[in-house]
Amino acid sequence: MNFFSILPYLTYFIFIIIFGFGISTKVNAHDAKKVPCMVDIIYNDDDVGVASYFVLKLQYKNQTGRKISGVSVFIKDKDGNLIGNSDASCKVKSDGINAGSTGQCEKVLQKISGKMMQTIGYDVWIKLLEEQKKELQKANSCDVIGASFYK
């Protein structure tokens, strides 16, 4: 058996290796990590009156080798329908999420200030809060589509 007799088999083997691994190592360019998330309503006093904050909150596990300062997310309802997108800071209760750790990420999606409450009146303010609460609290999960890292 000489080299030329196995050349067709060798060529076929090399072809399978090159194209076979190319197909099996397909990477999804939009690989997102789905995590539970919610929108919480926080009431606080400001200079004029009561302010309301609608805050997106999620817990994220950093599976990278670098410290994360924030994430980008697609916000979805319980059926998986997209209801919005945002970024969220992961420097809420710490200076970020270390590699291998889990931490909270948050973003104020909307603020209704005390000045606005005084301008539109209490009844309209309550109606506005209820409408925003109904829409924003549909958030059920977040697809984390990217992260920002410390330099």
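A few points on the structure. This structure is a prediction, so every number in the text was calculated from the model and none was measured. (Residues numbered from 1 in each chain as written. Predicted model: local features only at pLDDT ≥ 70, side-chain atom pairs only at ≥ 80, totals over all residues. Heavy atoms only, no water.)

## Regarding the state of the cysteines
According to the stated counting rule, one finds 2 disulfides in the structure shown. Across the disulfide, Cys 37 is cross-linked to Cys 142 (sulfur-sulfur distance 2.2 Å). One disulfide, between Cys 37 and Cys 142, carries an S-S torsion of 85 degrees and so falls in the right-handed class. Placement of the pair is Cys 37 in strand S1 (residues 33-45) and Cys 142 in strand S6 (residues 141-149), with a sequence separation of 105 residues. Sequence-ordered numbering of the bonded cysteines in the chain yields a pairing of 1-4, 2-3. (Disulfide = S-S within 2.5 Å. Helix = DSSP H or I, 4+ residues; strand = E, 2+ residues; numbered from the N terminus.)

## Considerations on a nonpolar patch on the surface
Taken together, the side chains of Met 116, Ile 120 and Val 124 make up a nonpolar region of the molecular surface, amounting to roughly 220 Å² of accessible area. Positionally, Val 124 belongs in helix H3 (residues 122-136). Note on Val 124: relative accessible area 45%, which makes it partly exposed. (Patch = residues over 30% accessible without salt bridge, like charges linked within 9 Å, V, L, I, M, F, W, Y side chains within 5 Å. Areas by Shrake-Rupley, 256 points an atom, 1.4 Å probe, with all protein chains shown as cover. Salt bridge = Lys/Arg side-chain N within 4 Å of Asp/Glu carboxyl O. Buried < 20%, exposed > 50% of the residue type's maximum accessible area, 1.4 Å probe, protein only.)

## Comments concerning the pairing of strand S2 (residues 50-61)
Pairing analysis gives 9 bridges linking S1 to S2, with the strands arranged antiparallel. Residue pairing for S2: Ile 42 is matched across the bridge by Tyr 53. As defined by bridge partners, S2 adjoins strand S5 (residues 102-112) across 10 bridges and the pair is classed as antiparallel. By the bridge assignment, Tyr 53 is partnered in S5 with Lys 111. (Pairing = 2+ DSSP bridges.)

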